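Geometric and topological summary
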Amino acid sequence: MVYCFSGTGNSRWVADELEGLLLGQRSQELSKAEDSKEVFGLVFPVYAWGIPKVVEDYIGEHLQEIEAAEYVYAVMTCGDDIGYADTVLKKRLNGRLDAVFSVHMPNTYVCLPGFDVDKDEVAERKVRETLERLPQIAKDINERKRTTEVCRGGAAWLKTYVLRPLFNRFLVTDKYFHTTKNCFQCKRCVRGCPLDNITTDKDGHVVWKHENCTGCLRCYHRCPAQAVQFGWFTKNKGQKIHDFD
Ligand SMILES: Cc1cc2nc3c(=O)[nH]c(=O)nc-3n(C[C@H](O)[C@H](O)[C@H](O)COP(=O)(O)O)c2cc1C
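Everything quoted here is computed from the prediction, not taken from an experiment. (Residues numbered from 1 in each chain as written. Predicted model: local features only at pLDDT ≥ 70, side-chain atom pairs only at ≥ 80, totals over all residues. Heavy atoms only, no water.)

Topic: the site of the ligand
Heads up, the condition is: Here, proximity means that at least one heavy atom of the residue falls within 4 Å of the molecule or strand. Definition of a polar contact: a pair of N or O atoms within 3.5 Å, with one able to donate and the other able to accept a hydrogen when the atoms are protein atoms, and with sequence-neighbouring residues admitted only if both atoms are side-chain atoms. Only the protein chains shown count as cover for residues, with accessible areas throughout obtained via the Shrake-Rupley method and a probe of 1.4 Å. Secondary structure is summarised from DSSP: a helix means a run of H or I of at least four residues, a strand means a run of E of at least two, and numbering begins at the N terminus for each. By the convention adopted, Pro, Cys, Tyr, Trp, Phe, Met, Ile, Leu, Val and Ala count as nonpolar, Lys, Arg, Asp and Glu as charged, and the other residues, Gly among them, as polar.
Lining the immediate surroundings of the ligand are 25 residues, of which Ser6, Thr8, Ser11, Val46 and Asp80 lie closest. Here Ser6 contributes a side-chain N or O atom positioned 2.6 Å from an oxygen atom of the ligand. In this structure, Ser11 approaches the ligand through a side-chain N or O atom, which is 2.7 Å from an oxygen atom. In the complex, the protein chains occlude 96% of the 640 Å² of accessible area that the ligand would expose alone. Secondary structure elements with two or more residues in the shell around the ligand: helix H1 (10-25) and strand E3 (71-78). Taken together, the residues of the shell around the ligand sort by class into 12 nonpolar, 11 polar and 2 charged.

Comments concerning the side chain of Thr77
Rule in force here: Working definition: with a 1.4 Å probe on protein chains only, accessible area under 20% of the residue-type maximum means buried, over 50% means exposed, and in between means partly exposed. Pairs of residues are marked as contacts when any of their non-hydrogen atoms sit within 4.5 Å.
Positionally, Thr77 belongs in strand E3. Owing to a relative accessible area of 3%, Thr77 belongs among the buried residues under this scheme. Excluding anything up to four places from it in sequence, Thr77 contacts Asn10, Ser11, Val14, Phe44, Pro45, Val46, Val103 and Met105.

Comments concerning the domain arrangement of the protein chain
How big an interface is tends to be expressed through the accessible area that disappears when the partners come together. Just so we agree on the cut-off: Note that the domain bounds were set by an automatic or database domain assignment. In this description, buried area is defined as the sum, over both parts, of the accessible area (probe of 1.4 Å) that is lost when the two are combined. The salt bridge criterion pairs a side-chain nitrogen of Lys or Arg with a carboxyl oxygen of Asp or Glu, the two atoms within 4 Å.
Taken as a whole, the protein chain is organised into domain 1 (2-154) and domain 2 (177-230). Here the C-alpha centroids of domain 1 and domain 2 sit 27 Å apart. Summing both partners gives a buried area of about 930 Å² for domain 1 against domain 2, and 67% of it is carried by carbon and sulfur. The largest share of the area that domain 1 buries against domain 2 comes from Thr8, Tyr47 and Cys111, three residues that together contribute 40% of it. At the boundary of domain 1 with domain 2, the tally comes to 0 salt bridges.

Digging into the pattern of salt bridges
This model, assessed by the stated rule, comprises 16 salt bridges. Taking the shortest distance from any N to any O, the salt bridge between Asp98 and Arg146 comes out at 2.2 Å. Taken together, the residues span a long stretch of sequence, with Asp98 in the loop between helix H4 (85-92) and strand E4 (99-104) and Arg146 in the loop between helix H5 (120-142) and strand E5 (147-149) at a distance of 48 residues. A salt bridge links Arg125 to Glu129, with the nearest nitrogen and oxygen atoms 3.8 Å apart. Taken together, the residues span about one helical turn, with Arg125 and Glu129 both in helix H5 at a distance of 4 residues. A single salt-bridge network, built from bridges that share partners, covers Glu56, Arg92 and Arg164.

Below, the structure is given as C-alpha cells:
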C-alpha cells in the first residue's frame, strides 16, 4: 500500500516512478497482494521542515493499518532541506518508520520574501538527480533496508522546532488567498484543490472556504492567468512550470 499526497505533482511523479521501479525490481514469486500487506509507503512533500497537515491527519486516521505493516518507508520530496521532518514523521507514526529518504524536486514555496521557484536549470538538475537516485531507493525498499537518507540542512533543529510551529500557526491558512482582476473564472483552482477548499460565490467569483487548507499552493501554481495570489507575498513570483500531472 502506498499513500501519496502531492500538492503540485512532484511527489505524485516520484511515487509513480518509484512504483514502477519497485515492481520491476521485485522478485517474481512475490505477488502484489502479499507485498502490499507487508509494506506501507508514504510519499509526500516536506512543508516547513515538517510534514503537511493533511498527511498528519491521514496518519492519525490510518495508524493501525500502518502499524500492522511489516515494513514502513517514507519518501519526502523537498526543494532544499527537510530539517527534522523525518523525526516529526516517526513520532507521528509511533516510531514505526523503517526507512526514510528525502529527494530534491523543484521548489514550490513562494509565499515569503526571498522564496521563489527555481530557475529552469536548477529545477531540471533536481529532477535529473532524483531520477538517478530512485533505483537505489527502490532497491533499498525491496531489500527492506532500515535507513535514514535525508538532507537535513543547516540549523535543522531551529527550523523544525522553532520556525515550523510559527509557520503552521500563522501561515498555514487560506485567508490571504485572493484572485486578481486577471481571473477569468475558469475554475481550475476550484476543480484542482486536493482538499475541496475552494468554491465560487453567487457571482462566480473564486472564494476560499476557510475549512481545511493545507497550504499546498496548487491553486497558485496551476492558475493559467496567475490570478491566484497569497496576500502581497506572491506578487512577481514565478509559477512552477514543471507540472508532472
Ligand atoms: C507550504 C510549503 C512549505 C514548504 N516547505 C519546504 C521546506 O521546509 N523545505 C524544503 O526543502 N522545501 C519546502 N517546500 C517545497 C516542497 O517541499 C517541494 O517543492 C515539494 O517537492 C513539492 O511537492 P508537491 O509538488 O508534491 O506538492 C515547501 C512547499 C510548500 C508549498
